[in-house]
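# Residue-level structural notes
Spelled out from the first residue to the last, the chains are:
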Amino acid sequence: AKTAGRDRYVIFDESMYADALQEAEARLSLEQALADNEFVVFYQPIVDLPSGDLIGVEALVRRLHPELGLLGPDTFIPLAEKTGLIVPLGQWILTTACTQAAAWHRDVPGAERLRVSINLSARQFQDTDLVQDVAEALRTSGIEASRVVLEITESLLMQDTDATISTLRRLRELGVQIAIDDFGTGYSSLSYLRRFPIDILKIDKAFIDGIATDPDDATLAEAVVHLGQALRLQTVAEGIENADQHTLLSDLGCTYGQGFLFARPAASAEIEALLRHPADA
Ligand code: C2E
Ligand code: CA
Ligand code: CA
Ligand code: CA
């Protein structure tokens, strides 16, 4: 560190400099990836329980790196959030997913009611006029707003609640639905749930994992499904991997399910084939 002498040098050590440089480079490389069209939106089916009929898809972003191949969101979303690039990237994802779903509504017989769920990061709530951005994506894609679900995490709801409630209200006025993602992993206070204008609870995979083998997990999952029912919310169980979990969740009255048992996230062409020929799946 520099000594703060008469001229009052700013304290700035080499490791801070290295971090800042690394972050600037990382942001630049992500910006370049966005400009080079390296990001791809995959879609994972969401099904009705118990029938297993496909009712919607969740948009999940990937990066097709020229040398490293297909990269999952865990490798770039945290960095995109830290550097702020999540704002333009998130807007691109929103527009891409809405445009794709609108095309399926138009072109695929029987897919008129398909929903598309899109993940929003906390940063998108804070940094931009999110409502304007969502309205813009709805307009350019021409999608029916009621088919769009915006997923936000439980922890986002706990920050800055008044501003969050007002943003959620304005989003809902556009006609979209709001889902709480990873429900059960954040704060355990339930009273706040009633304050938020939401439509859907997504039960985190952590609770679903042990549902068929661990009585405590089963009790917790049951409690969340019943909580959703009491608040007249739809419930989506995430990370269903086997038939026992499927049966148990159907019996509990959970509305929808998502997981490798039904389908993995896939590129749009693969999802379109599934929409056109559901019997082949
Ligand atoms: P998430 O929103 O909770 O998404 C569900 C994750 O669980 C996805 O991982 C999905 O592939 C995975 N999954 C679904 N079913 C199963 C299953 O049966 N078993 C297992 N083991 N995993 C399952 P993915 O695509 O790697 O995404 C990870 C996280 O990255 C997402 O968690 C979300 O927080 C974030 N993310 C993904 N796409 C976006 C995006 O477009 N925007 C933002 N802001 N975040 C995104
Ligand atoms: Ca999600
Ligand atoms: Ca989730
Ligand atoms: Ca998660």
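Residues numbered from 1 in each chain as written. Chains lettered and ligands numbered in written order. Predicted model: local features only at pLDDT ≥ 70, side-chain atom pairs only at ≥ 80, totals over all residues. Heavy atoms only, no water.

With an unreviewed UniProt entry as reference, the chain is termed Putative signaling protein, source organism Actinoplanes friuliensis DSM 7358.

## Section: the site of ligand 1
Just so we agree on the cut-off: A single heavy atom is enough: if one lies within 4 Å of a molecule or strand, its residue is considered near that molecule or strand. Here a polar contact means two N or O atoms within 3.5 Å. Within protein one must be a hydrogen donor candidate and the other an acceptor candidate, and residues neighboring in sequence count only if both atoms are side-chain atoms. Note on areas: Shrake-Rupley, 1.4 Å probe, and residue coverage restricted to the protein chains presented here. Residues are said to line a cavity or pocket when one of their atoms sits within 4 Å of a point; the points come from a 1 Å grid over protein atoms alone, cavities being sets where a 1.4 Å probe fits but cannot get out and pockets being open sets with protein on both sides within 12 Å along at least five of seven lines. Whether a molecule sits in a cavity or pocket is decided by its atoms, more than half of which must lie within 2 Å of the grid points.
Close to ligand 1 lie 21 residues, the nearest being Arg62, Asn119, Asp181, Glu241 and Phe260. Here an oxygen atom of ligand 1 and a side-chain polar atom of Asn119 are 3.1 Å apart. Here Asp182 contributes a side-chain N or O atom positioned 3.3 Å from an oxygen atom of ligand 1. Burial of ligand 1 by the protein chains amounts to 79% of its free accessible area of 800 Å². When each cavity is represented as a set of grid points, ligand 1 is found to reside in the largest pocket.

## Focus: helix α5 (residues 130-141)
Basically, it comes down to this: Comment: elements are numbered from the N terminus, with helices defined as DSSP H or I runs of at least four residues and strands as E runs of at least two. One less than the residue count of a helix, multiplied by 1.5 Å, gives the span that helix is expected to have. Residue contacts are counted whenever heavy atoms from the two residues lie within 4.5 Å of one another.
Over its twelve residues, α5 extends 16 Å from the first C-alpha to the last, a length consistent with the 16 Å expected when each residue adds 1.5 Å. On its buried face, α5 is in contact with α3 (86-107), α4 (122-127), β5 (148-153) and α7 (161-173). Once α5 finishes, Gly142 follows within two positions and takes phi at roughly 75 degrees, a positive value.

## Remarks on the coordination of the calcium ion (ligand 3)
Threshold: With water omitted from the atoms examined, metal sites may look incomplete; donors here are N, O and S atoms no farther than 2.8 Å from the metal, or 3.2 Å in the case of Na, K and Ca. We call a residue buried when its accessible area falls under 20% of the maximum for its residue type, exposed when it is over 50%, and partly exposed in between, using a 1.4 Å probe and counting protein chains only.
Asp181 (OD), Asp182 (OD), Glu238 (OE) and Glu238 (OE) make up the full set of protein donors to the calcium ion (ligand 3), lying at 2.2 to 2.5 Å. Between the calcium ion (ligand 3) and the calcium ion (ligand 2) the interatomic distance comes to 3.9 Å, and Asp181 is a ligand of both metals. A relative accessible area of 26% means that Asp182 is categorised as partly exposed.

## Considering the pattern of salt bridges
Threshold: A pairing counts as a salt bridge when a side-chain nitrogen of Lys or Arg comes within 4 Å of a carboxyl oxygen of Asp or Glu.
Taken as a whole and assessed by the stated rule, the structure comprises 14 salt bridges. Taking the shortest distance from any N to any O, the salt bridge between Lys205 and Glu241 comes out at 4.0 Å. Highlighted residues: Lys205 in helix α8 (residues 205-209) and Glu241 in the loop between β8 (234-237) and α10 (243-252), separated in sequence by 36 residues. The class for Lys205 is partly exposed, based on a relative accessible area of 32%. Arg276 is the partner of Glu272 in a salt bridge, and the nearest nitrogen-oxygen pair spans 3.1 Å. Taken together, the residues Glu272 and Arg276, both in helix α11 (residues 268-276) and four residues apart, mark about one turn of the helix.

## Points about the coordination of the calcium ion (ligand 4)
Protein coordination of the calcium ion (ligand 4) is provided by Asp182 (OD) and Asp182 (OD), with donor distances spanning 3.0 to 3.2 Å. Between the calcium ion (ligand 4) and the calcium ion (ligand 3) the interatomic distance comes to 3.7 Å, and Asp182 is a ligand of both metals. Residue placement: Asp182 occurs in strand β6 (residues 177-183).

## Focus: the pairing of β8
The criterion, for reference: At least two bridges found by DSSP between two strands is the condition for calling them paired.
Going residue by residue along β8, you find Gln234 and Val236 tucked away on one face and Thr235 and Ala237 tucked away on the opposite face as well. Where strand β7 (residues 200-203) meets β8, four bridges bridge the pair, whose relative direction is parallel. Looking at the pairing, Ile200 lines up with Gln234 of β8. In the sheet, β8 pairs with strand β9 (residues 256-257) via two bridges, with the strands oriented parallel.

## Some details on the packing of aromatic side chains
Rules: Only the six-membered ring of Trp is used, alongside the rings of Phe and Tyr, when aromatic pairs are assigned; centres must lie within 6.5 Å, and planes under 30 degrees apart are stacked while those over 60 apart are edge-to-face, with the rest tilted. Only lysine NZ and arginine CZ atoms are considered, and such an atom sits over a ring when it is within 6 Å of the ring centre and within 35 degrees of the ring normal.
Taken as a whole and assessed by the stated rule, the structure comprises two aromatic pairs. Pairing Tyr43 with Trp104 gives two aromatic rings, centres 5.3 Å apart and planes at 75 degrees, and the pair type is edge-to-face. With Tyr43 in strand β1 (residues 39-48) and Trp104 in helix α3, this residue pair connects regions lying 61 residues apart in the sequence. Exposure class is identical for Tyr43 and Trp104. Each is buried. Stacked on the ring of Phe260, the Lys or Arg Arg264 has its end atom at 3.9 Å from the ring centre.

## Focus on the side chain of Gln124
By the element assignment, Gln124 lies in helix α4. A residue is classified by how much of its surface remains accessible, and Gln124, at 4% relative accessible area, is buried. A polar atom in the side chain of Gln124 sits 2.9 Å from the backbone nitrogen of Ser121.

## Focus: the packing of α3 against α11
Condition: In this analysis, axes come from line fits to C-alpha atoms, helices being fitted only over the stretch in contact, and the angle between any two N-to-C directions falls in the range 0 to 180 degrees. Every angle not falling under 35 degrees, over 145, or within 65 to 115 is termed oblique; those three ranges are roughly parallel, roughly antiparallel and roughly perpendicular. In this scheme the handedness of a crossing depends on how the near helix is turned from the far one: anticlockwise by less than a right angle means left-handed, clockwise means right-handed.
Following both chains from N to C, one finds α3 and α11 inclined at 30 degrees, their axes separated by 12 Å at the closest point. Relative to α11, the element α3 lies roughly parallel. In this structure, the crossing between α3 and α11 has a hand that is right-handed. Along its contact with α3, which presents Gln100, Trp104 and Asp107, the element α11 presents Ser268, Ile271, Glu272, Leu275 and Arg276.

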